[in-house]
Amino acid sequence: MRNSVAFWFYLVASSFKTSAEYDGLINALTRVFIQKHVLTVTAITCWPKDANSRLLLALSSADISVNFRPSMIPVHETWYRYGILVDVSCVQVTTTLFQKASKHRLFNMQNDWILINSQRNESHLQDTSKIAFETFEMHLSEAYVLPESNVFLFVDIADGWEIWEGFKVGKMERIQINRYGLVTTDKLNLQKNYSILFRSNLRGITLKATTVISEPNKFKGFYPFADTDLDIFAQMHYDLNMILQDQLNFKIDLGIVDSFGWNLGNGSFSGLTGLLQREEIDFGGIGSFIRNDRMNAIDYTVGTFYRQPAALFKQPPLSSVHNICILPFKFEVWMVTLFTFIGFTILIAFLSRTTRRFKKDEKESLNVLDSVTIVHGAICQQGYTMNLNAGSIRVAIFVLFLTAVFLFTSYSASIVALLQSPSNSIKTINDLVESSMTFSAQVTPYSRVYFDETDDPLLRKLYDKKMKSHEKDMYTEASTGIARIRTEFHGFLIEVVSAYKLISQLWREEEKCGISEIQLFKLPILALAVVKRSGYKDILKQKLIQQQEVGLKNRIIRRWIPAKPMCDSSNRANQFVSVSIKEIYPMLQIYGFGLCISILILFFEITYHTYTCYSQNLHTESYLGVFRLLYNKI
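Where an unreviewed UniProt entry is consulted, the protein chain appears under the name Ionotropic glutamate receptor C-terminal domain-containing protein, with the organism given as Aphis gossypii. According to the UniProt record, the Sequence similarities (unreviewed entry) comment for the protein chain reads "Belongs to the glutamate-gated ion channel (TC 1.A.10.1) family." A UniProt comment under Subcellular location (unreviewed entry) is attached to the protein chain, and it reads "Cell membrane".

Rendered as structure tokens:
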């Protein structure tokens, strides 16, 4: 009887001891989940029901929902932090769970995994680092726990639990462990900054990457400079990758393909995207466009550089858009000038008639046509042949010529500038479509895609009207298109990197002043791609952002992308620009109209003279007939 009582007393004491142990562990777990901002926890344990109930009560009191079914773990990325508590002493459950987590890449930044071993209580008597390493190796040696994973292990010590983190720098590498912190029922101490540095060291492993070379026949390597303008972005991303190597301490095994990859129609991709989809490489060595179809196969880190294709062209000369003969003066100036010369015409005619009346000298008479001739001569800076003795008329003509000098000086100064000025008539895509300009595009990996996938009606019209009708020349090399811009009225869709370089090398300074560009497409930023749910995604993002913050990315941009060619106005002023037929075409029109009108007037005068002579002859003959008739009667 006495032995039976002792036995039951031992069981009750053991149960109270176990409850106390669970209470301390539950408090420690709750403290960690709160610090991690976890909203939902899935607990996979072999605990008694009352212990699970106490865990549920403790987490619920901290506004953390709890479930105890492994199937509830979301296989998709959630918008909130998710906690997964695993008791590794439940061997059968954990083996299946870790296999599922590796398959669906659940060891990521969004999920916080906490491993415990409820059956191991002698750990405080051993080396805790050895226990942590053995536990991680036993359960996660085959798992996909790369640096982005958040997997922690609670190891018992005398006054609490040490928190160890474990991950692999590569899928085939051994587990790396690090002491993350210490938690007791009263406090929590974490070494977060050291943990970030620890995860950012990939310990010299080799990561595979692939870049895209659009013109492999011209490619001669990544150092020191590129020989082909289309592969400038491959060179720029190569510089980023070299910096990433130093930041994360890894070696890059860089391959080359000639395509960014397109959907083959069955869900698989070609080129760079296909390599990432099949996980034959770890990340893309060059930035690619973020497209909806690619988002299902790969993930992206952060933006790197912008591709900037633009339609480059020379504005048409001002003379082909406007009549430059009337541009020097505004409309109101022309009207004032017209009324001024009409006033001089009337004034000269009035003074001439008044002078003739007072002097009674017919030689001093000027009719209206003579006044018009004098005023026209003044406008054209010509003289007159009449000898005018009246002082009033001389003063009027002197003022007339003085006024014409000032007007002619202003006009000639303005017309010289207009003869050498380009217009600004093409400002929009619609202006481009409606102009007489021919159009083509540079051969690039995306040039055909731009037009094939656009839903802009103006761009579709530009393609159908300007390019499709000249199918042979619709896509050309950069040098050919730039040469056509220089010599023809031609528009060319080209990467500004290629355009600026060629223009700076080949064009004269005065030729750069008329160049214009229009952005046809709004393109997304290039971004480095990684394997879907890659374990390197977050650390690559962090280091790329750091490169931008400290100015390394801007340095690469300034090194590889030339500045836009600027028009040197002072140099242009010293250049002699010949006037072409286009500029003097309005004068030729005036010449032609004047010639035709003068010939018509000549025919009119000849006709009038003939008619007058004929009338006079008839009149003379009639008088002679009457005279003869009278003479015969007498």
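Once you've had a look at it, read on.
## Some details on the overall build of the protein chain
Regarding its fold elements, the protein chain presents 21 helices and 19 strands. Taken across its 634 residues, the protein chain has 43% of its residues classed as buried. Excluding contacts between residues fewer than 6 apart, the proportion of contacts in the protein chain whose partners are at least 24 apart in sequence is 74%. Entry remark: accessible area of the protein chain is about 35,100 Å², with carbon and sulfur atoms responsible for 58%.

## Quick word on the packing of aromatic side chains
Centre distance and the angle of the planes are the two values used to describe a pair of aromatic rings. Following the criterion strictly, the structure yields 18 aromatic pairs and no others. With 4.9 Å between their ring centres and 45° between their planes, Y22 and W47 make a pair best called tilted. A residue pair is termed long-range when its members are at least 10 positions apart, and Y22 in helix α1 (residues 2-35) and W47 in the loop between β1 (38-44) and α2 (49-61) qualify at 25 residues. Taking the centre distance of 5.5 Å and the plane angle of 80° together, the rings of F167 and F198 count as edge-to-face. Separated by 31 residues along the polypeptide, F167 in strand β6 (residues 160-168) and F198 in helix α5 (residues 192-199) bring together distant segments of the chain.

## Concerning the pattern of salt bridges
Oppositely charged side chains can form a pair if their charged atoms are brought close together. The final tally for this structure, using the stated rule, is 16 salt bridges. The salt bridge involving E165 is made with R199; its shortest N-O contact spans 2.7 Å. Placement of the pair is E165 in strand β6 and R199 in helix α5, with a sequence separation of 34 residues. Accessibility classification places E165 together with R199 in one group, the buried group. One salt bridge connects E279 with K171, and the closest N-O pair in it is separated by 3.9 Å.

## Brief notes about the nonpolar core
A general tendency of soluble globular proteins is for nonpolar side chains to be buried together. One finds L202, F250, L432, F439, F451 and L520 to be the most contacted residues of the largest nonpolar core, which totals 71 residues. No other element matches helix α6 (residues 232-248), which puts 7 residues into this core. In this structure, L432 is in contact with A311, F313, I426, M437, F439, L462, K466 and L520, ignoring residues within four places of it in sequence.

## Side note on the side chain of T476
Take T476: it is sitting in strand β16 (residues 475-476). Overall, T476 belongs to the buried group, its relative accessible area being 13%.

## Structural notes on α5
Within α5, the full set of buried residues consists of S195, F198 and R199. Around the axis of α5, the buried residues are gathered within 90° of arc, so they sit on the same side. Exposed residues on α5 whose side chains face more than 90 degrees from its buried face are N193 and L197. Against β5 (150-157), β6 and β7 (175-183) lie the buried residues of α5.

## Re the confidence of the model for the protein chain
Per-residue confidence for the protein chain gives a mean pLDDT of 82; residues scoring 70 or more make up 84%. Looking across the protein chain, the model is least confident in helix α20 (residues 569-573), with a mean pLDDT of 51, and most confident in strand β11 (residues 283-284), with 96. Residue range residues 1-17 is modelled with pLDDT below 50. Its contacts to residues more than four positions away, or to other chains, number 0 contacts.

## A closer look at the sheet that holds strand β3 (residues 81-87)
Backbone-to-backbone hydrogen bonds join strands into a sheet, with any given pair of strands oriented parallel or antiparallel. Strand order across the open sheet formed by 8 strands is β2-β1-β3-β4-β5-β6-β7-β8, with mixed pairing between neighbours. Each of the sheet's edge strands pairs with one partner strand only, and the pair in question is β2 (65-67) and β8 (188-190). Each adjacent strand pair in this sheet contributes to an overall mean axis angle of 25°, direction not counted. Bridging between β1 and β2 involves 3 bridges; their strand directions are parallel. Among the inter-strand pairings, T42 is bridged to a residue of β2, identified as N67. Contacts between helix α4 (residues 128-140) and the sheet are confined to β4 (111-116), β5, β6 and β7, with β5 contributing the most and set at about 135° to the helix.

Scoring rules and cut-offs
- Residues numbered from 1 in each chain as written.
- Predicted model: local features only at pLDDT ≥ 70, side-chain atom pairs only at ≥ 80, totals over all residues.
- Heavy atoms only, no water.
- UniProt positions renumbered as here; feature names shortened; annotations may be inferred.
- Helix = DSSP H or I, 4+ residues; strand = E, 2+ residues; numbered from the N terminus.
- Buried < 20%, exposed > 50% of the residue type's maximum accessible area, 1.4 Å probe, protein only.
- Contact = heavy atoms within 4.5 Å.
- Areas by Shrake-Rupley, 256 points an atom, 1.4 Å probe, with all protein chains shown as cover.
- Phe/Tyr/Trp six-rings, centres within 6.5 Å; stacked < 30°, edge-to-face > 60°.
- Salt bridge = Lys/Arg side-chain N within 4 Å of Asp/Glu carboxyl O.
- Core = buried A, V, L, I, M, F, W, Y, C linked by side-chain atoms within 4.5 Å.
- Arc of directions from axis to C-beta.
- pLDDT = per-residue confidence, 0-100.
- Pairing = 2+ DSSP bridges.
- Axes fitted to C-alpha atoms, helices over the stretch in contact; angles between N-to-C directions.

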